[in-house]
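Given next are the chains, with one letter for each unit.
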Amino acid sequence: MDRIIFHVDLDCFFAAVEILDHPEYKGFPVITGADPKKGKGRGVVTTCSYEAREFGLHSGMPISKAYHLCPHGIYVKSNFGRIREISSQVMKILDKYSPVFQQVGSDEAYLDMSEIAIDMNHANEIAKKIKDEVQSEVGITCSIGVAFTKSLAKIGSDCNKPNGITIINPDNYKTILSPLKITRIPGIGKKSKIYYEKHGFQLIGDFLKIPKHKMIAKFGDRGRWIYNLINGLEERKVHDSSYFYHRKSISKERTFYEDTDDYQEILSKITDLNDKIHDILEKKGILYRTISLKIRFKGYETYLRSKSFTSAIRNKQKALEVVLDLYQEFFKKKKKIRLIGLKFSNLKETVKTNQKKILDYVKNV
DNA sequence: TCTGGGGTCCTAGGACCC
DNA sequence: TCTGGGGTCCTAGGACCC
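Residues numbered from 1 in each chain as written. Chains lettered and ligands numbered in written order. Predicted model: local features only at pLDDT ≥ 70, side-chain atom pairs only at ≥ 80, totals over all residues. Heavy atoms only, no water.

If you look chain A up in an unreviewed UniProt entry, it shows as DNA polymerase IV from Promethearchaeum syntrophicum. The record in UniProt for chain A states the following under Function (unreviewed entry): "Poorly processive, error-prone DNA polymerase involved in untargeted mutagenesis. Copies undamaged DNA at stalled replication forks, which arise in vivo from mismatched or misaligned primer ends. These misaligned primers can be extended by PolIV. Exhibits no 3'-5' exonuclease (proofreading) activity. May be involved in translesional synthesis." Under the heading Sequence similarities (unreviewed entry), UniProt records this for chain A: "Belongs to the DNA polymerase type-Y family." (UniProt positions renumbered as here; feature names shortened; annotations may be inferred.)

In structure tokens form, the structure reads like this:
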């Protein structure tokens, strides 16, 4: 029996939240992300409204370029408190529709509807209901992909944006997928696009023509992965794991407003990042075994250096010593620095934290 | 045009052990 | 004198996602 999986994706979520809080922005190009500083700003576009997309803007674009393409746009800094609030309102609604619910980031979720929807028609009805409820209760729109695997549902939610539903079933998946660019496959980005295009593959349809054994012979494990994904053979489950989710690393990084080689400025940034991460680690009762330093020089040349301990610790002073030790190698380079980052990994939760998690879980069941 | 910040996962070489 | 094979851990780099 085929599964029925929903992928719900909030339409240009960060921009939608701004428009919700400022109705006067509606109908205008709204861009969230870094401060454009009249075209001299650093950073990128997080999201933008469809009106802004008309000017060629998209998420990830350098904010300076966006400003040149659309100087009269409404540029705003995201209000992360509101983002969290609106996101949790939506997720609460989605969670009601299925016991198997998996949130991804602040604006996406998967629902396994196999036990709830009778067939694809019924699934379509439920998807409409979800869309209506999110719009009337929260005031924003979403797009939903309905399919028999997670990846196909995800591809589906992107097919009818904004505010649309796409149904992908074993009878129509080839027709829907064939004309799409290979970058619509989640996991194929900029680099893979270039690689596969060199081999003559531009559209998903080009892959669909190739039998499994040839995909494997040509591209190895990657080939097998693509074949299974686009033919709906993927078995990844929607995992309802929000309560026992263990984060694998915690990091903070900052790009300087201007590249710098001022040791005092760099030292104070490192100290600041280290303090902030330790505040979080203490609050969450987390220990770490590995510390990493990331340095990006002027011109974008990037390096990572890390050091592991034999047992897990949490010691702000010791961490700072380790980081400064890792930094020595770069100090000699006498080059201006663009970005500094700290990362703590190989995390261990303390017994106390685990007990608290279990208690919270029991309370919620 | 000039590239944020928070993550995850994968690969590949070298050290080390049996 | 010219050296196996398997497993695991550490480190560095990179692709990708939201």
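Asker: I keep staring at the overall build of chain A and nothing clicks. Help me out?
Answerer: A count of helical and extended segments in chain A gives 13 helices and 13 strands. Taking contacts inside chain A between residues at least 6 apart in sequence as the whole, the part at least 24 apart equals 64%. On chain A, roughly 20400 Å² of surface is accessible, and the fraction owed to carbon and sulfur atoms is 51%. Each charge class in chain A was averaged separately, 63 positive and 44 negative side chains, and the resulting centres sit 6 Å apart. (Helix = DSSP H or I, 4+ residues; strand = E, 2+ residues; numbered from the N terminus. Contact = heavy atoms within 4.5 Å. Areas by Shrake-Rupley, 256 points an atom, 1.4 Å probe, with all protein chains shown as cover. Lys, Arg positive; Asp, Glu negative; His and termini not counted. Charge placed at Lys NZ, Arg CZ, Asp CG, Glu CD.)

Asker: In this structure, what is going on with the nonpolar core? I would like to understand it.
Answerer: Proteins that are soluble and globular tend to have nonpolar side chains buried together. The biggest cluster of nonpolar side chains holds 31 residues, and the ones touching the most others in it are Phe6, Leu94, Leu111, Ile130 and Ile140. At the level of secondary structure, the elements contributing two or more residues to this core comprise strand E1 (5–10), helix H1 (13–21), helix H4 (80–97), strand E6 (108–112), helix H5 (120–137) and strand E7 (142–147). Dropping the residues within four chain positions of it, Ile140 is found in contact with Leu10, Phe13, Ala16, Leu20, Ile86, Val90, Val134 and Gln135. One finds Tyr173, Ile185, Phe201 and Leu208 within the second-largest nonpolar core, a separate group that totals 27 residues. (Core = buried A, V, L, I, M, F, W, Y, C linked by side-chain atoms within 4.5 Å. Buried < 20%, exposed > 50% of the residue type's maximum accessible area, 1.4 Å probe, protein only.)

Asker: Explain the protein's contact with DNA strand C to me, please; I cannot follow it from the model alone.
Answerer: The immediate surroundings of DNA strand C are formed by 18 residues, with Lys154, Gly187, Ser192, Ser306 and Ser308 found nearest. Of all atoms in DNA strand C that approach within 4 Å of the protein, 100% are sugar or phosphate atoms. Between DNA strand C and Lys191, the relevant distance is 2.8 Å, taken from a phosphate oxygen to a main-chain nitrogen or oxygen of the residue. With respect to DNA strand C, the side chain of Arg305 contributes an N or O atom lying 3.1 Å from a phosphate oxygen. For the surface near DNA strand C, the element with the highest residue contribution is strand E11 (residues 302–313), accounting for six residues. (Near = heavy atom within 4 Å. Polar contact = N/O pair within 3.5 Å; in protein donor to acceptor, adjacent residues only side chain to side chain.)

Asker: I tried to follow the protein's contact with DNA strand B on my own but got confused; where do I start?
Answerer: Inspection of the region around DNA strand B gives 19 residues, with Arg247, Lys248, Glu253, Thr255 and Arg338 positioned closest. The sugar-phosphate portion of DNA strand B accounts for 75% of its atoms within 4 Å of the protein, the bases making up the rest. Within the side chain of Thr255, an N or O atom sits 2.7 Å from a phosphate oxygen of DNA strand B. Tyr300 places a polar side-chain atom, nitrogen or oxygen, 2.8 Å from a phosphate oxygen of DNA strand B. Elements with a minimum of two residues in the surface near DNA strand B: helix H3 (63–69), strand E9 (249–260) and strand E12 (337–345). Looking at which element gives the most residues to the surface near DNA strand B, the answer is E9, with seven residues. When the residues that make up the surface near DNA strand B are grouped by side-chain class, the tally is six nonpolar, five polar and eight charged. (Nonpolar A, V, L, I, M, F, W, Y, C, P; charged D, E, K, R; others polar.)

Asker: Could you clarify how one ought to interpret the packing of helix H11 (residues 263–284) against helix H12 (residues 316–331) in this entry?
Answerer: In a packed pair of helices, the relevant descriptors are the angle between the two axes and the axis-to-axis distance. For the pair H11 and H12, interaxial distance at closest approach is 11 Å and the crossing angle is 145 degrees. Seen from above, H11 lies across H12 with right-handed handedness. Here Tyr263, Ile266, Leu267, Ile270, Thr271, Asn274, Asp275 and His278 of H11 lie close against H12, whose contacting residues are Lys316, Ala319, Leu320, Val323, Leu324, Tyr327 and Phe331. (Axes fitted to C-alpha atoms, helices over the stretch in contact; angles between N-to-C directions. Left-handed = near helix turned anticlockwise from the far one by under 90°.)

Asker: Teacher, can you tell me more about the UniProt feature "active site" (unreviewed entry) in chain A here?
Answerer: When the UniProt feature table is mapped onto this chain, "active site" (unreviewed entry) is found at Glu108. Structurally, the position occupied by Glu108 is in strand E6. According to the relative accessible area criterion, Glu108 is buried, its value standing at 14%. Each residue touching Glu108, except ones within four places of it in the same chain, is listed here: His7, Val8, Asp9, Met91, Gln102, Gln103 and Lys154. One polar contact links Glu108 to His7, side chain to side chain, over a distance of 3.0 Å.

Asker: It is not clear to me how H1 should be interpreted in this structure. Could you clarify?
Answerer: Of all nine residues that make up H1, seven are buried, and the element is covered over most of its length. For H1, the full list of buried residues reads Phe13, Phe14, Ala15, Ala16, Val17, Glu18 and Ile19. Looking at the buried side of H1, the elements it contacts are E1, strand E2 (30–33), strand E3 (45–48), strand E4 (74–76) and H4.

Asker: Help me understand the UniProt feature "site: Substrate discrimination" (unreviewed entry) in chain A, please; the structure alone is not making it clear to me.
Answerer: Here the UniProt-annotated "site: Substrate discrimination" (unreviewed entry) positions come out as Phe14. By secondary structure assignment, the location of Phe14 is in helix H1. On the accessibility criterion, Phe14 (13% relative accessible area) is buried. If near-sequence neighbours (up to four positions away) are discounted, Phe14 is found in contact with Thr32, Thr46, Thr47, Ser78, Phe80, Ile83 and Ser106.

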